[in-house]
Every structure is written in C-alpha cells, then in structure tokens.
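Secondary and tertiary structure notes
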Amino acid sequence: MEFYLDSADLNAIERLARFMPIQGVTTNPSIIAKGGKPLAQALPALRSLIGPDKILFAQVMADKAEDMVKEAEQLQTLDHQLVVKVPVTAEGLLAIQQLKTRNITTLGTAVYSPMQALLAALAGASYVAPYVNRIDAQGGSGIKCVQELQQLLTLHAPHCQILAASFKTPRQVLDCLLAGCTSITLPIDVAEQLIRSPAVDAAITQFNQDWHQAFGA
C-alpha cells in the first residue's frame, strides 16, 4: 500500500510525513502554481524534503507529443528520479510511447475511463491516475472505474499500477482501497481527515474531564 501527498506545501508535507507512511509527493501545474514557486525551485525543494528514496511526480504542460517529450526531458534535468505525468490524450499516448524508449518513467494522468487508462498502460506508462471525485462529479462512479481498471491491468498490463487521485472525502479513499487499489494520492485536507475527527477530539476531552473530576491532575 502506497500513500502519496498531492501537494507542494512543504510545511504540510513535513507535518504529515512525521506520522503517515508517505511514499512520495505528486504535483500538477495547478498545485505548483498555488505554491507560488516555479518548478526549478519547487522540485528541488520537494526532493530535499522527502529524500532520495521517495517518489516525486511532475506534469508536462505541452499539447503536442514532441513538445511533451522535450518538456519531460527538461523536467528530468531538475530531478533525474522524477516520474513524469502525461495527460492521456492522443498526443499524450504518443509522448508516453516515446518517453518509454528514452527510459523516462511516466504516469498517465487526467484519466476518466478504464479504457483510457489501459491505452496509457499499453503505451508504456508505469502508473495511471483515475480522477475518482471528478468522475463522480460528472455523474459516473469513480470507484467503479477503479475496480474495472484494476481488472483490466491485471489481465492485460500487469506492469502498470493505479495511482488513484482526486479525492474529496475519506469515504472515497476507503472505497478505493477496498476496491483493490494499492496506491492513492491525497490532498492535504483529505489526508488530515483520515486521522482527525471531531468525534475523536470530543471523546478524548471527555476522558480528561472525567479523570480530573475523579482524581484531579
């Protein structure tokens, strides 16, 4: 089981990594933009924080396969261990094929259907990222997508691993894990909800109050 944090917030990542079994960090253009630092600064800072044994992901922004490949190679100069995220479009599939021949590890991202992800896996992607909550928001079932995709990969592309993304609630995370997904990436707020709960806080407060009333400090 692999947990990733979908964030470029160094303070939050450091805080959660103290007690969560974090395997690495995933980013995308929106996350990097929110952090306010360009990739040339953000990626080295993230690598320094998580260490050499963790996995770091960053995404290309080009539209054409040729430009995606060039961008991926540039990203690798910032972090030679980087896994490059490529949107699963027609051009993205071409880029994944070419990056495979260059021994650059890729993740097929922006996945909204099992077949879309399977095509990325067959093109050579090592990871595929179904967008669980966004699929739900469009009237589909993110969890069903994960279940069907897991079956497809097991049958036809066992080299490829699901890295499920786009979560809004802990329930979605639980359902995804029960569906057999072995890797997930979580935004900071959802990761915190896995351990924090008003009910737990209230119970601990009540324990303390009862003890102090009976025995004092």
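Position labels on residues start from 1 in each chain and follow its written sequence. Thresholds applied to this predicted model are a pLDDT of at least 70 for local features of residues and 80 or more for the giving and counting of side-chain atom pairs; totals over whole chains, interfaces and linings are not thresholded and use all residues. With hydrogens and water excluded, all non-hydrogen atoms of the structure serve as input to the side-chain values.

If you look the protein chain up in an unreviewed UniProt entry, it shows as Transaldolase from Tolumonas auensis.

1. Observations regarding the overall build of the protein chain
The line we're drawing: Strands are runs of DSSP state E lasting at least two residues, helices are runs of H or I lasting at least four, and both sets are numbered from the N terminus onward. Type-normalised accessible area, obtained with a 1.4 Å probe on protein chains alone, sets the label of each residue: buried when under 20%, exposed when over 50%, and partly exposed for intermediate values. For this analysis, residues touch if any pair of their heavy atoms sits within 4.5 Å. Accessible surface area values rest on a Shrake-Rupley calculation with a 1.4 Å probe, where residue burial reflects the displayed protein chains alone. A positive count includes Lys and Arg, and a negative count includes Asp and Glu. His and the chain ends are not counted in either. The atom standing in for a charge is NZ when the residue is Lys, CZ when it is Arg, CG when it is Asp and CD when it is Glu.
The helix and strand inventory of the protein chain stands at 11 helices and eight strands. By its C-alpha atoms, the protein chain is 70 × 40 × 30 Å across when sized along the principal axes. In the protein chain, which comprises 217 residues, the proportion classed as buried is 47%. Intrachain contacts of the protein chain at a sequence separation of at least 6 include 56% that bridge at least 24 residues. About 11,200 Å² of surface is accessible on the protein chain, with carbon and sulfur atoms providing 54% of the total. Here the protein chain carries 16 positive and 19 negative side-chain charges, and the mean point of each set is 1 Å from the other.

2. Some points on the sheet that holds strand β6 (residues 127-130)
Put simply, the rule reads: When DSSP finds at least two bridges between two strands, those strands are taken to pair. Angular values range over 0 to 180 degrees, each being the angle between N-to-C directions of two axes fitted as lines to C-alpha atoms, with helices fitted over their stretch in contact.
The strand order across the open sheet formed by eight strands is β7-β6-β5-β4-β3-β2-β1-β8, and the pairing between neighbours is parallel. Strands at the two margins of the open sheet, each flanked by one partner only, are β7 (161-162) and β8 (183-186). Its contacts with the sheet put helix α5 (residues 90-101) on β4 (83-87) and β5 (106-111), and the angle it makes with β4 is roughly 155°.

3. Notes on the packing of helix α1 (residues 10-17) against helix α3 (residues 39-50)
Convention followed: In this scheme, roughly parallel covers angles under 35 degrees and roughly antiparallel covers those over 145, while 65 to 115 is roughly perpendicular and the rest are oblique. Take the far helix as your reference; a near helix turned counterclockwise from it by less than a right angle gives a left-handed crossing, and one turned clockwise gives a right-handed crossing. Each residue receives one of three labels: charged for Asp, Glu, Lys and Arg, nonpolar for Ala, Val, Leu, Ile, Met, Phe, Trp, Tyr, Cys and Pro, and polar for the others, Gly being one of them.
With their axes 11 Å apart at the nearest point, α1 and α3 run at an angle of 15° to one another. The pairing of α1 with α3 is recorded here as roughly parallel in orientation. Handedness of the crossing formed by α1 with α3: right-handed. In this structure, α1 contributes Leu 10, Ile 13 and Glu 14 to the contact, and α3 contributes Ala 45, Leu 46, Leu 49 and Ile 50. Taken together, the residues that form the contact of α1 with α3 break down as six nonpolar, no polar and one charged.

4. Quick notes on a nonpolar patch on the surface
Here is the rule we go by: Patch building starts from residues that exceed 30% relative accessible area and form no salt bridge, then joins like charges within 9 Å and nonpolar side chains (Val, Leu, Ile, Met, Phe, Trp, Tyr) within 5 Å. Basic side-chain nitrogens of Lys or Arg form a salt bridge, by our definition, when they fall within 4 Å of a carboxyl oxygen of Asp or Glu.
On the surface, a cluster of nonpolar side chains totalling about 300 Å² of accessible area is made up of Val 200, Ile 204 and Phe 207. Tracing the backbone through its elements, the reader meets Phe 207 in helix α11 (residues 198-215).

5. Section: the side chain of Thr 27
Definition in use: Pairing of N or O atoms within 3.5 Å defines a polar contact, subject to two protein rules: one partner must be a possible hydrogen donor and the other a possible acceptor, and residues neighboring in sequence count only if both atoms are side-chain atoms.
As for its placement among the helices and strands, Thr 27 is situated in the loop between β2 (22-26) and α2 (29-35). A polar contact of 2.8 Å, which involves the side chain of Thr 27, links it to the backbone oxygen of Phe 57.

6. Looking at the nonpolar core
The condition is simple: By convention a nonpolar core is built from buried Ala, Val, Leu, Ile, Met, Phe, Trp, Tyr and Cys residues, the set being connected through side-chain atoms within 4.5 Å.
Ranked by size, the top nonpolar core spans 61 residues in total, and within it Leu 153, Phe 167, Cys 176 and Ile 184 carry the most contacts. Counting residues in hydrophobic clusters, the runner-up holds 10 residues, among them Val 83, Tyr 131, Leu 163 and Ala 165.

7. Considerations on the pattern of salt bridges
Applying the stated criterion to the full structure yields six salt bridges. We note a salt bridge from Glu 192 to Arg 196, for which the minimum N-O separation is 4.0 Å. Salt bridges sharing partners connect three or more residues here, namely Arg 15, Glu 192 and Arg 196.

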